[in-house]
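# Chain and residue survey
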Amino acid sequence: MMINTIHLCVIKSPYKCTCTVIVSEVRAESIMKNKEHTRQVRDTVVKKFNAGFGYKKISQALNIPRSTVQAIILKWKEYQTTANLPRPKLSAHARRRLIRDAAKRPMITLDELQRSTAEVGDSVHRTTISRILHKSGLYGRVARRKPFLKDIHKKCCLKFATSHLGDTPNMWKKVLWSDETKIELFGNNAKRYVWRKSNTAHHPEHTIPTVKHGGGSIMVWACFSSAGTGKMVKIDGKMDGAKYRTILEENLMESAKDLRLGRRFIFQQDNDPKHKAKSTMEWFKNKHIQVLEWPSQSPDLNPIENLWKELKTAVHKCSPSNLTELELFCKEEWEKISVSRCAKLIETYPKRLTAVIAAKGGATKY
């Protein structure tokens, strides 16, 4: 809709008086964002389509987008009309039921919600359901993977967080954090974007090679503190208590020395049986190393998990082609992790404990 608005400007001077009329066209604010074509235009589109014209030629002849032509034709094929169809609306009760179902069952799909509404007589499109959920603050997101926690696990995590919440920042700076992780040669986390043209998705240069079982993998052990990263070691074969003690013997004290933790540092490890074996605990005792009491199933409490995620992302960007390169890139990228990044993880550790307490020992964002 176009509105003609007339503005009058009167210019006075000692010599003469003139009147200038300026006509300007102002677009009404009520115009819709997407202009709707008239029934006559839509009928013309269908008429040309029936005459054998293609989408492109119809688009050029009527000067309208090809996507619009396609939408008009598809609607005509399905409903045999170009008239505006009444849009189904959900009642307030149906809207509340949708929101309630999505909140109670977070993993329910749009198709399931659409079927449930159809069963009670309300037939609406998926986009309508999605729009209703968005307005209520519910959005579809990828579910995070977290370890399954039993009540005993939550209780232990909560106890740990509560008992250590009052610890000083200096105490956490003395902790040497450790863990093992598996890194795959071609893992699922190797996510990359490419610039390509249509119908070239399967060209070799546009794909990421994958093989069964990840194409092989390596297990590594590493440690870090607020002062930076310590040693990283590739674990050959199956890890057992003896092999674990060898790793500690050859890397633990040297890492603590390189990071200048002093003689009274605290060592953190999880509750894996080989870590808690009697011979391993005797080794710690003989070396006068204090071991931090640790709750089971508590990766959210170990800041090294954040470094593992960053490491795997960085390594896969290097695109290793074999296990030897994979090991090399792992060690290189581990050494590249900045001291400031390590220090930040430890500096914010009290917030991690607070989050665990707020979750009553359950999973957190960390």
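In the annotation of an unreviewed UniProt entry, the chain is listed under the name Transposase and assigned to Oncorhynchus kisutch.

Let's shift gears to the side chain of Thr81. Locating Thr81 in the fold gives a position in the loop between α3 (66-79) and α4 (92-104). Polar side-chain contacts of Thr81 include one of 3.1 Å to the backbone nitrogen of Ala83.

With that out of the way, let us pick up the pattern of salt bridges. Counted according to the given criterion, the structure contains 11 salt bridges. Linking Lys274 and Asp272 is a salt bridge whose minimum nitrogen-to-oxygen distance equals 2.9 Å. The exposure class assigned to Lys274 is buried, which follows from its relative accessible area of 17%. Lys331 is the partner of Glu327 in a salt bridge, and the nearest nitrogen-oxygen pair spans 3.2 Å. One end of the pair, Glu327, and the other, Lys331, are both in helix α13 (residues 323-336), four residues apart, so they sit about a helical turn from each other. When salt bridges with common partners are traced through the structure, they connect Lys231, Glu254 and Asp258 into a single cluster.

The next subject is the packing of aromatic side chains. For any pair of aromatic rings, the description rests on two quantities: the centre-to-centre distance and the angle between the ring planes. Under the criterion given, the structure shown has nine aromatic pairs. Here Phe267 and Phe284 contribute two aromatic rings whose centre-to-centre distance is 5.5 Å and whose plane-to-plane angle is 35°, an arrangement assigned as tilted. Placement of Phe267 in strand β6 (residues 266-268) and of Phe284 in helix α11 (residues 278-286) is noted, with a sequence separation of 17 residues between them. This pair shows no difference in class: Phe267 is buried, exactly as Phe284 is. Above the face of the Phe53 ring, Lys48 is positioned so that its terminal group lies 5.0 Å from the ring centre.

On to the nonpolar core. Counting residues in hydrophobic clusters, the biggest one holds 34 residues, and the most contacted among them are Trp172, Phe224 and Trp334. Only α7 (151-164), α8 (169-173), β3 (175-184), β4 (217-225), α12 (304-317), α13, α14 (339-347) and α15 (349-358) provide two or more residues apiece to this core. Here this core takes five residues from α12, the largest share from any one element. When residues no more than four places from it in sequence are discounted, the contact partners of Trp334 are Ala222, Cys223, Phe224, Thr229, Gly230, Lys231, Met232, Ile304, Leu307, Trp308 and Leu311. In this structure, Trp221, Met239, Leu248 and Leu252 belong to the second largest nonpolar core, which totals 18 residues.

So, how was this worked out
Residues numbered from 1 in each chain as written. Predicted model: local features only at pLDDT ≥ 70, side-chain atom pairs only at ≥ 80, totals over all residues. Heavy atoms only, no water. Helix = DSSP H or I, 4+ residues; strand = E, 2+ residues; numbered from the N terminus. Polar contact = N/O pair within 3.5 Å; in protein donor to acceptor, adjacent residues only side chain to side chain. Salt bridge = Lys/Arg side-chain N within 4 Å of Asp/Glu carboxyl O. Buried < 20%, exposed > 50% of the residue type's maximum accessible area, 1.4 Å probe, protein only. Phe/Tyr/Trp six-rings, centres within 6.5 Å; stacked < 30°, edge-to-face > 60°. Lys NZ or Arg CZ within 6 Å of the ring centre and 35° of its normal. Core = buried A, V, L, I, M, F, W, Y, C linked by side-chain atoms within 4.5 Å. Contact = heavy atoms within 4.5 Å.

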